[in-house]
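The primary structure of each chain is shown beneath.
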Amino acid sequence: QAQTPTADQVVAGKDPRLLVLSSRPVVLETPLELLGRLPTPKEFLFVRSNVDYPGGNTTAPLPVQNWQVRLEGLVQTPLTLSLEELKSLPQVEVEMVHQCSGNGRSFFQPRPSGNPWQHGGMGQVRWKGVPLKLLLERAGVRPEARYVTGVAAVEGDMRPFEKSVPLADVLETAVLAVEMNGEPVPAIHGGPVRLVLPGYFGVNNVKWLVAVRLEEKESTNPFQAPSYRIPFRASQTLPIQPGSTYDFTYENSRPNWRQNVKSVVLAPASGAQVRGFVRVEGLAWNDGLAPLAAVEVSWDGGRTWRQAELEKPASPYAYWRFRAVLALPRGEHTLLVRATDELGRSQPLNGNIYWNPRGYEWNGVDRVKVTVV
Ligand code: MSS
(Lines give C-alpha, C1' and ligand atoms only; values in the text may rest on other atoms or scores of the structure.)
Protein backbone atom coordinates (compact mmCIF):
# COMPACT_ATOMS: atom_id res chain seq x y z
CA GLN A 1 0.00 0.00 0.00
CA ALA A 2 1.47 3.29 -1.11
CA GLN A 3 2.03 5.78 1.68
CA THR A 4 1.89 9.47 0.94
CA PRO A 5 5.16 11.06 2.01
CA THR A 6 4.97 14.00 4.39
CA ALA A 7 6.40 17.41 3.47
CA ASP A 8 9.54 16.90 5.60
CA GLN A 9 10.19 13.64 3.74
CA VAL A 10 9.81 15.37 0.37
CA VAL A 11 11.94 18.40 1.29
CA ALA A 12 14.39 18.13 4.21
CA GLY A 13 13.70 20.91 6.70
CA LYS A 14 10.03 21.56 5.83
CA ASP A 15 7.30 21.42 8.47
CA PRO A 16 5.40 18.09 8.25
CA ARG A 17 2.10 20.03 8.41
CA LEU A 18 2.60 21.39 4.88
CA LEU A 19 0.29 19.72 2.33
CA VAL A 20 2.03 17.63 -0.31
CA LEU A 21 0.31 18.46 -3.61
CA SER A 22 3.05 16.70 -5.56
CA SER A 23 6.34 15.10 -4.58
CA ARG A 24 7.92 15.05 -8.08
CA PRO A 25 8.19 17.87 -9.00
CA VAL A 26 7.84 19.23 -5.47
CA VAL A 27 4.67 21.19 -4.73
CA LEU A 28 3.91 21.96 -1.07
CA GLU A 29 1.08 24.13 0.24
CA THR A 30 1.16 26.05 3.51
CA PRO A 31 -1.99 25.36 5.55
CA LEU A 32 -4.06 28.42 6.50
CA GLU A 33 -3.14 28.07 10.20
CA LEU A 34 0.54 28.66 9.35
CA LEU A 35 0.09 31.69 7.07
CA GLY A 36 -0.10 34.29 9.85
CA ARG A 37 3.54 34.24 10.97
CA LEU A 38 5.58 36.91 9.15
CA PRO A 39 7.98 36.83 7.51
CA THR A 40 7.10 33.25 6.60
CA PRO A 41 9.77 30.97 8.12
CA LYS A 42 11.53 28.74 5.58
CA GLU A 43 10.00 25.67 7.26
CA PHE A 44 6.50 26.96 6.40
CA LEU A 45 7.03 28.54 2.97
CA PHE A 46 5.13 26.92 0.08
CA VAL A 47 7.09 25.26 -2.73
CA ARG A 48 6.32 25.10 -6.42
CA SER A 49 8.88 23.55 -8.70
CA ASN A 50 8.08 22.67 -12.30
CA VAL A 51 11.52 21.21 -12.59
CA ASP A 52 13.35 19.80 -9.56
CA TYR A 53 17.01 20.70 -9.07
CA PRO A 54 18.97 17.45 -8.47
CA GLY A 55 19.88 17.35 -4.77
CA GLY A 56 17.99 20.60 -4.17
CA ASN A 57 15.07 19.29 -2.11
CA THR A 58 16.27 20.80 1.14
CA THR A 59 15.98 24.07 3.04
CA ALA A 60 19.79 23.97 3.46
CA PRO A 61 21.95 25.79 0.89
CA LEU A 62 22.62 24.02 -2.41
CA PRO A 63 26.02 22.29 -2.11
CA VAL A 64 27.63 23.87 -5.17
CA GLN A 65 30.88 25.67 -5.89
CA ASN A 66 31.84 28.29 -8.45
CA TRP A 67 28.27 29.46 -9.13
CA GLN A 68 28.22 32.17 -11.77
CA VAL A 69 25.58 34.48 -13.22
CA ARG A 70 25.91 35.94 -16.71
CA LEU A 71 24.44 39.23 -17.89
CA GLU A 72 23.92 38.88 -21.61
CA GLY A 73 21.83 39.67 -24.66
CA LEU A 74 21.15 43.31 -25.52
CA VAL A 75 23.91 44.80 -23.35
CA GLN A 76 26.99 46.78 -24.41
CA THR A 77 29.36 44.57 -22.38
CA PRO A 78 28.31 41.07 -21.30
CA LEU A 79 29.36 40.30 -17.71
CA THR A 80 29.96 37.13 -15.74
CA LEU A 81 29.78 37.45 -11.97
CA SER A 82 30.72 34.86 -9.39
CA LEU A 83 28.59 34.35 -6.29
CA GLU A 84 31.38 35.98 -4.25
CA GLU A 85 31.36 39.06 -6.51
CA LEU A 86 27.59 39.32 -6.22
CA LYS A 87 27.86 39.17 -2.42
CA SER A 88 30.53 41.87 -2.38
CA LEU A 89 28.42 44.38 -4.32
CA PRO A 90 26.03 46.84 -2.57
CA GLN A 91 22.95 44.96 -1.33
CA VAL A 92 19.30 45.91 -0.92
CA GLU A 93 16.57 44.20 1.07
CA VAL A 94 12.93 43.78 0.20
CA GLU A 95 10.15 42.03 2.12
CA MET A 96 7.41 40.93 -0.25
CA VAL A 97 4.51 38.64 -0.90
CA HIS A 98 5.65 35.57 -2.81
CA GLN A 99 2.59 33.97 -4.38
CA CYS A 100 2.07 31.28 -7.00
CA SER A 101 -0.10 32.45 -9.88
CA GLY A 102 -2.09 29.22 -9.42
CA ASN A 103 -2.92 30.08 -5.80
CA GLY A 104 -6.69 29.70 -5.23
CA ARG A 105 -7.10 27.53 -8.32
CA SER A 106 -9.41 25.09 -6.49
CA PHE A 107 -12.05 27.85 -6.08
CA PHE A 108 -12.66 28.03 -9.85
CA GLN A 109 -15.65 26.05 -11.18
CA PRO A 110 -15.28 23.82 -13.10
CA ARG A 111 -11.92 23.07 -11.54
CA PRO A 112 -9.09 23.72 -14.02
CA SER A 113 -6.30 21.16 -14.31
CA GLY A 114 -3.20 21.80 -12.22
CA ASN A 115 -2.25 21.70 -8.56
CA PRO A 116 -5.39 22.23 -6.44
CA TRP A 117 -4.10 25.20 -4.43
CA GLN A 118 -6.41 26.65 -1.82
CA HIS A 119 -5.09 29.72 0.05
CA GLY A 120 -1.57 28.60 0.89
CA GLY A 121 0.41 28.91 -2.33
CA MET A 122 1.84 32.07 -0.83
CA GLY A 123 4.00 33.57 1.87
CA GLN A 124 5.99 36.69 2.68
CA VAL A 125 9.75 36.61 2.59
CA ARG A 126 12.64 39.04 3.02
CA TRP A 127 15.14 38.85 0.19
CA LYS A 128 18.57 40.45 0.14
CA GLY A 129 20.78 40.85 -2.88
CA VAL A 130 22.12 43.01 -5.67
CA PRO A 131 19.79 45.39 -7.53
CA LEU A 132 19.54 44.40 -11.19
CA LYS A 133 19.87 48.10 -12.04
CA LEU A 134 23.39 48.22 -10.65
CA LEU A 135 24.50 45.37 -12.93
CA LEU A 136 22.74 46.93 -15.91
CA GLU A 137 24.56 50.21 -15.31
CA ARG A 138 27.85 48.29 -15.49
CA ALA A 139 26.90 46.28 -18.56
CA GLY A 140 25.11 49.09 -20.41
CA VAL A 141 21.63 48.51 -21.83
CA ARG A 142 21.16 48.58 -25.61
CA PRO A 143 18.17 50.71 -26.66
CA GLU A 144 16.28 47.80 -28.29
CA ALA A 145 16.05 45.91 -24.97
CA ARG A 146 12.44 45.55 -23.79
CA TYR A 147 12.38 42.35 -21.70
CA VAL A 148 14.45 40.88 -18.90
CA THR A 149 14.66 37.09 -19.05
CA GLY A 150 15.71 35.08 -16.01
CA VAL A 151 17.43 31.82 -17.00
CA ALA A 152 17.61 28.85 -14.62
CA ALA A 153 20.43 26.29 -14.42
CA VAL A 154 19.95 23.01 -16.29
CA GLU A 155 21.43 19.96 -14.58
CA GLY A 156 20.87 16.31 -15.47
CA ASP A 157 17.47 15.84 -17.08
CA MET A 158 16.08 19.25 -16.05
CA ARG A 159 13.97 21.06 -18.64
CA PRO A 160 15.17 24.63 -19.30
CA PHE A 161 13.14 27.21 -17.34
CA GLU A 162 13.06 30.86 -18.39
CA LYS A 163 10.74 33.76 -17.60
CA SER A 164 10.57 37.21 -19.20
CA VAL A 165 9.23 40.41 -17.66
CA PRO A 166 9.06 43.98 -19.03
CA LEU A 167 12.39 45.75 -18.41
CA ALA A 168 10.92 49.23 -17.84
CA ASP A 169 8.51 47.88 -15.23
CA VAL A 170 11.07 46.01 -13.10
CA LEU A 171 14.18 48.16 -13.61
CA GLU A 172 13.94 49.89 -10.21
CA THR A 173 12.87 46.84 -8.19
CA ALA A 174 14.38 43.58 -9.53
CA VAL A 175 16.96 41.95 -7.25
CA LEU A 176 19.42 39.09 -7.68
CA ALA A 177 18.82 37.60 -4.26
CA VAL A 178 21.51 35.73 -2.35
CA GLU A 179 19.71 35.70 1.03
CA MET A 180 16.21 34.83 2.19
CA ASN A 181 15.07 35.80 5.71
CA GLY A 182 18.67 36.56 6.69
CA GLU A 183 20.22 33.27 5.54
CA PRO A 184 21.67 32.00 2.24
CA VAL A 185 18.69 31.28 -0.06
CA PRO A 186 17.59 27.67 0.70
CA ALA A 187 18.23 25.23 -2.17
CA ILE A 188 14.51 24.48 -2.56
CA HIS A 189 13.79 28.22 -2.88
CA GLY A 190 16.32 28.76 -5.63
CA GLY A 191 19.67 29.35 -3.95
CA PRO A 192 22.43 30.26 -4.33
CA VAL A 193 21.05 33.05 -6.58
CA ARG A 194 17.44 33.84 -7.41
CA LEU A 195 15.87 36.62 -9.44
CA VAL A 196 13.13 38.30 -7.39
CA LEU A 197 10.55 40.76 -8.68
CA PRO A 198 8.54 42.60 -6.01
CA GLY A 199 4.85 42.80 -6.89
CA TYR A 200 5.04 40.02 -9.46
CA PHE A 201 3.68 36.48 -9.22
CA GLY A 202 6.12 33.88 -7.88
CA VAL A 203 6.52 32.15 -11.23
CA ASN A 204 8.68 35.06 -12.42
CA ASN A 205 11.10 34.67 -9.50
CA VAL A 206 13.47 32.32 -11.31
CA LYS A 207 15.24 29.88 -9.00
CA TRP A 208 18.85 28.67 -9.52
CA LEU A 209 19.59 31.72 -11.66
CA VAL A 210 22.52 31.40 -14.07
CA ALA A 211 21.79 34.22 -16.49
CA VAL A 212 19.86 37.41 -17.01
CA ARG A 213 19.29 38.11 -20.68
CA LEU A 214 17.99 41.35 -22.15
CA GLU A 215 15.96 40.95 -25.30
CA GLU A 216 13.53 42.58 -27.67
CA LYS A 217 10.84 39.92 -27.21
CA GLU A 218 9.63 37.53 -24.52
CA SER A 219 11.53 34.24 -24.23
CA THR A 220 10.46 31.36 -26.47
CA ASN A 221 10.71 28.98 -23.48
CA PRO A 222 7.47 26.95 -23.00
CA PHE A 223 7.10 28.29 -19.43
CA GLN A 224 6.73 31.76 -20.99
CA ALA A 225 4.20 30.59 -23.62
CA PRO A 226 1.93 28.66 -23.84
CA SER A 227 2.22 28.06 -20.04
CA TYR A 228 1.51 30.62 -17.33
CA ARG A 229 -0.76 32.89 -19.34
CA ILE A 230 -4.21 34.50 -19.14
CA PRO A 231 -6.54 35.26 -22.08
CA PHE A 232 -5.95 38.93 -22.90
CA ARG A 233 -6.95 41.15 -25.77
CA ALA A 234 -6.97 44.88 -26.49
CA SER A 235 -5.29 45.68 -23.13
CA GLN A 236 -7.94 43.75 -21.17
CA THR A 237 -8.07 40.47 -19.32
CA LEU A 238 -10.59 38.51 -21.35
CA PRO A 239 -13.41 36.73 -19.53
CA ILE A 240 -14.06 33.42 -21.27
CA GLN A 241 -16.69 30.69 -20.93
CA PRO A 242 -15.88 28.50 -17.89
CA GLY A 243 -14.83 25.05 -19.03
CA SER A 244 -13.75 26.15 -22.49
CA THR A 245 -10.33 25.62 -24.04
CA TYR A 246 -7.97 28.32 -25.33
CA ASP A 247 -5.01 28.17 -27.66
CA PHE A 248 -2.50 30.43 -25.88
CA THR A 249 -0.22 32.53 -28.08
CA TYR A 250 1.92 35.61 -27.42
CA GLU A 251 -0.73 37.67 -29.19
CA ASN A 252 -3.99 36.50 -27.56
CA SER A 253 -2.75 36.25 -23.96
CA ARG A 254 -0.50 37.82 -21.36
CA PRO A 255 1.86 36.22 -18.82
CA ASN A 256 1.11 36.04 -15.08
CA TRP A 257 3.02 39.19 -14.26
CA ARG A 258 1.76 41.64 -11.60
CA GLN A 259 -0.28 40.24 -8.70
CA ASN A 260 -3.87 41.41 -8.45
CA VAL A 261 -5.57 42.84 -5.36
CA LYS A 262 -6.48 40.08 -2.93
CA SER A 263 -7.38 39.28 0.67
CA VAL A 264 -7.50 36.09 2.67
CA VAL A 265 -9.31 35.48 5.97
CA LEU A 266 -7.09 33.72 8.52
CA ALA A 267 -9.64 33.73 11.36
CA PRO A 268 -12.27 32.66 12.14
CA ALA A 269 -11.65 29.37 10.37
CA SER A 270 -14.43 28.38 8.01
CA GLY A 271 -17.11 26.46 9.90
CA ALA A 272 -16.04 27.88 13.27
CA GLN A 273 -18.48 28.34 16.14
CA VAL A 274 -18.06 31.71 17.78
CA ARG A 275 -19.33 32.91 21.14
CA GLY A 276 -19.93 36.68 21.43
CA PHE A 277 -18.13 39.07 19.08
CA VAL A 278 -16.74 37.77 15.80
CA ARG A 279 -13.11 38.81 15.33
CA VAL A 280 -12.23 38.70 11.65
CA GLU A 281 -8.52 38.77 10.81
CA GLY A 282 -6.45 38.23 7.73
CA LEU A 283 -4.02 39.43 5.10
CA ALA A 284 -4.53 41.74 2.13
CA TRP A 285 -2.14 42.89 -0.57
CA ASN A 286 -1.67 44.01 -4.16
CA ASP A 287 1.30 44.53 -6.47
CA GLY A 288 2.71 47.48 -4.55
CA LEU A 289 1.88 50.08 -7.22
CA ALA A 290 -0.38 51.95 -4.78
CA PRO A 291 -1.35 51.54 -1.12
CA LEU A 292 -4.52 49.69 -0.18
CA ALA A 293 -7.44 52.05 0.43
CA ALA A 294 -9.67 49.67 2.42
CA VAL A 295 -10.45 46.14 3.44
CA GLU A 296 -14.17 45.62 4.04
CA VAL A 297 -16.25 42.88 5.59
CA SER A 298 -19.87 42.03 4.75
CA TRP A 299 -22.22 39.57 6.47
CA ASP A 300 -25.27 40.18 4.27
CA GLY A 301 -24.00 38.87 0.96
CA GLY A 302 -22.32 42.10 -0.08
CA ARG A 303 -25.16 44.61 0.38
CA THR A 304 -23.43 46.44 3.23
CA TRP A 305 -19.75 46.58 4.06
CA ARG A 306 -17.88 47.49 7.24
CA GLN A 307 -14.30 48.79 7.06
CA ALA A 308 -11.67 46.73 8.82
CA GLU A 309 -8.71 48.22 10.65
CA LEU A 310 -5.50 48.06 8.62
CA GLU A 311 -1.94 47.57 9.80
CA LYS A 312 0.81 49.18 7.68
CA PRO A 313 2.78 46.59 5.69
CA ALA A 314 6.52 45.88 6.09
CA SER A 315 7.00 47.28 2.57
CA PRO A 316 4.77 48.36 -0.34
CA TYR A 317 5.01 44.75 -1.57
CA ALA A 318 4.08 43.06 1.72
CA TYR A 319 0.82 42.01 3.37
CA TRP A 320 -1.41 44.44 5.22
CA ARG A 321 -2.98 42.76 8.25
CA PHE A 322 -6.65 43.58 8.72
CA ARG A 323 -8.95 43.17 11.69
CA ALA A 324 -12.65 43.80 12.30
CA VAL A 325 -14.83 43.05 15.31
CA LEU A 326 -18.47 42.32 14.52
CA ALA A 327 -21.49 41.90 16.75
CA LEU A 328 -23.69 39.46 14.86
CA PRO A 329 -26.95 37.77 15.85
CA ARG A 330 -27.02 34.09 16.78
CA GLY A 331 -27.01 31.72 13.84
CA GLU A 332 -25.02 30.98 10.72
CA HIS A 333 -23.38 33.76 8.71
CA THR A 334 -21.19 33.93 5.63
CA LEU A 335 -18.55 36.61 5.94
CA LEU A 336 -17.24 38.24 2.78
CA VAL A 337 -13.97 40.17 2.66
CA ARG A 338 -12.69 42.41 -0.10
CA ALA A 339 -9.69 44.69 -0.48
CA THR A 340 -9.53 47.81 -2.65
CA ASP A 341 -6.44 49.84 -3.46
CA GLU A 342 -6.00 53.55 -4.12
CA LEU A 343 -6.07 52.92 -7.87
CA GLY A 344 -9.63 51.63 -7.39
CA ARG A 345 -8.65 48.04 -8.11
CA SER A 346 -10.69 45.57 -6.11
CA GLN A 347 -11.83 41.94 -5.94
CA PRO A 348 -14.79 40.50 -7.82
CA LEU A 349 -17.68 39.23 -5.66
CA ASN A 350 -17.73 36.26 -7.97
CA GLY A 351 -14.14 35.23 -8.66
CA ASN A 352 -15.32 32.81 -11.31
CA ILE A 353 -15.94 35.64 -13.79
CA TYR A 354 -12.21 35.41 -14.51
CA TRP A 355 -12.28 31.63 -14.92
CA ASN A 356 -9.42 30.62 -17.21
CA PRO A 357 -8.28 27.21 -18.47
CA ARG A 358 -5.19 26.99 -16.25
CA GLY A 359 -6.86 28.49 -13.20
CA TYR A 360 -4.50 31.41 -12.64
CA GLU A 361 -4.77 34.62 -10.63
CA TRP A 362 -7.86 33.80 -8.51
CA ASN A 363 -8.78 36.89 -6.51
CA GLY A 364 -12.46 36.43 -5.77
CA VAL A 365 -13.86 37.81 -2.51
CA ASP A 366 -12.98 35.33 0.25
CA ARG A 367 -15.96 33.72 2.03
CA VAL A 368 -16.01 32.18 5.49
CA LYS A 369 -18.94 30.51 7.23
CA VAL A 370 -19.29 31.09 10.98
CA THR A 371 -21.96 30.21 13.47
CA VAL A 372 -22.56 32.55 16.39
CA VAL A 373 -23.73 30.49 19.36
N1 MSS B 1 12.26 28.64 -11.05
C2 MSS B 1 12.76 27.53 -11.58
N3 MSS B 1 14.07 27.52 -11.96
N4 MSS B 1 12.02 26.40 -11.77
C5 MSS B 1 10.69 26.40 -11.42
O6 MSS B 1 10.02 25.39 -11.64
N7 MSS B 1 8.79 27.60 -10.46
C8 MSS B 1 8.21 28.93 -10.36
C9 MSS B 1 9.14 29.90 -9.61
N10 MSS B 1 10.50 29.84 -10.09
C11 MSS B 1 10.12 27.56 -10.85
C12 MSS B 1 10.97 28.69 -10.66
C13 MSS B 1 6.88 28.97 -9.72
S14 MSS B 1 5.54 28.59 -10.69
C15 MSS B 1 6.68 29.46 -8.46
S16 MSS B 1 5.12 29.77 -7.87
C17 MSS B 1 7.83 29.86 -7.61
O18 MSS B 1 9.08 29.57 -8.23
C19 MSS B 1 7.75 29.09 -6.30
O20 MSS B 1 8.84 29.45 -5.51
P21 MSS B 1 9.16 28.62 -4.19
O22 MSS B 1 10.46 29.16 -3.69
O23 MSS B 1 8.08 28.96 -3.18
O24 MSS B 1 9.17 27.19 -4.49
MO25 MSS B 1 3.73 29.34 -9.55
O26 MSS B 1 3.36 30.94 -10.20
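1. Thoughts on the site of the ligand
Working step 1: Asn 50, Cys 100, His 189, Arg 194 and Lys 207 are the nearest of the 20 residues found near the ligand.
Working step 2: The contact in question runs from an oxygen atom of the ligand to an N or O atom on the backbone of Ser 101, over 2.8 Å.
Working step 3: With respect to the pocket detection grid, the ligand is positioned in the largest cavity.
Working step 4: Grouping the constituent residues of the shell around the ligand by class yields 10 nonpolar, seven polar and three charged.

2. Things to note about helix H3 (residues 132-139)
Working step 1: Among the residues of H3, Leu 132, Leu 134, Leu 135, Leu 136 and Ala 139 are the ones counted as buried.
Working step 2: Just past H3, the residue Gly 140 takes up positive phi, approximately 80°.

3. Observations concerning the environment of Ser 82
Working step 1: Note on placement: Ser 82 falls in strand E5 (residues 79-82).
Working step 2: Along the chain, Ser 82 and Val 69 lie 13 residues apart, while their C-alpha atoms are 6.4 Å from each other.
Working step 3: Beyond its immediate chain neighbours, meaning those up to four positions away, Ser 82 contacts Trp 67 and Gln 68.

4. Side note on unusual backbone geometry
Working step 1: Omega for the peptide link from Leu 38 to Pro 39 comes to -10°, which places this bond in the cis form.
Working step 2: Residue position: Pro 39 is located in the loop between strand E2 (26-29) and strand E3 (47-48).
Working step 3: Although it is not a glycine, Asn 66 adopts a positive phi angle of roughly 60°.
Working step 4: If you trace the backbone, Asn 66 turns up in the loop between E3 and strand E4 (68-73).
Working step 5: Here Asn 66 falls in the exposed class, since its relative accessible area comes to 72%.

5. What about the environment of Gln 124?
Working step 1: Checked against the element boundaries, Gln 124 lands in strand E7 (residues 122-131).
Working step 2: On a C-alpha basis, the gap between Gln 124 and Glu 137 in space is 29 Å, while along the polypeptide they are 13 residues apart.
Working step 3: When residues no more than four places from it in sequence are discounted, the contact partners of Gln 124 are Leu 38, Pro 39, Thr 40, Glu 95, Met 96, Val 97, Ala 314, Ala 318 and Tyr 319.
Working step 4: A polar side-chain atom of Gln 124 sits 2.7 Å from a polar atom in the side chain of Glu 95.

6. Looking at the sheet that holds strand E14 (residues 229-233)
Working step 1: Taken in spatial order, the three strands make up an open sheet running E15-E14-E16, and their pairing is antiparallel. Only two strands of the sheet have a single partner each, and these edge strands are strand E15 (236-237) and strand E16 (253-255).
Working step 2: As paired strands, E14 and E16 are joined by three bridges and run antiparallel to one another. In the strand pairing of E16, Pro 231 is matched with Ser 253.

7. What about the domain arrangement of the protein chain?
Working step 1: Taken domain by domain, the protein chain holds domain 1 (68-224) and domain 2 (262-372).
Working step 2: For domain 1 versus domain 2, the separation of C-alpha centres amounts to 29 Å.
Working step 3: Domain 1 puts 24 residues into the contact, and the matching count from domain 2 is 22 residues.
Working step 4: Summing both partners gives a buried area of about 1,900 Å² for domain 1 against domain 2, and 60% of it is carried by carbon and sulfur.
Working step 5: Three residues, Val 97, Phe 108 and Met 122, lead the burial of domain 1 against domain 2; their summed loss comes to 28% of the area buried on that side.
Working step 6: Inspection of the region where domain 1 meets domain 2 yields zero salt bridges.
Working step 7: One can count 10 residue pairs in polar contact (both at pLDDT 80 or more) joining domain 1 with domain 2.

Calculation notes
- Residues numbered from 1 in each chain as written.
- Predicted model: local features only at pLDDT ≥ 70, side-chain atom pairs only at ≥ 80, totals over all residues.
- Heavy atoms only, no water.
- Near = heavy atom within 4 Å.
- Polar contact = N/O pair within 3.5 Å; in protein donor to acceptor, adjacent residues only side chain to side chain.
- 1 Å grid on protein atoms, 1.4 Å probe; cavity = no way out; pocket = protein on both sides within 12 Å on 5 of 7 lines; lining within 4 Å.
- Sits in = over half its atoms within 2 Å of the grid points.
- Nonpolar A, V, L, I, M, F, W, Y, C, P; charged D, E, K, R; others polar.
- Buried < 20%, exposed > 50% of the residue type's maximum accessible area, 1.4 Å probe, protein only.
- Helix = DSSP H or I, 4+ residues; strand = E, 2+ residues; numbered from the N terminus.
- Contact = heavy atoms within 4.5 Å.
- Pairing = 2+ DSSP bridges.
- Domains from an automatic or database assignment.
- Buried area = accessible area lost by both parts, 1.4 Å probe.
- Salt bridge = Lys/Arg side-chain N within 4 Å of Asp/Glu carboxyl O.

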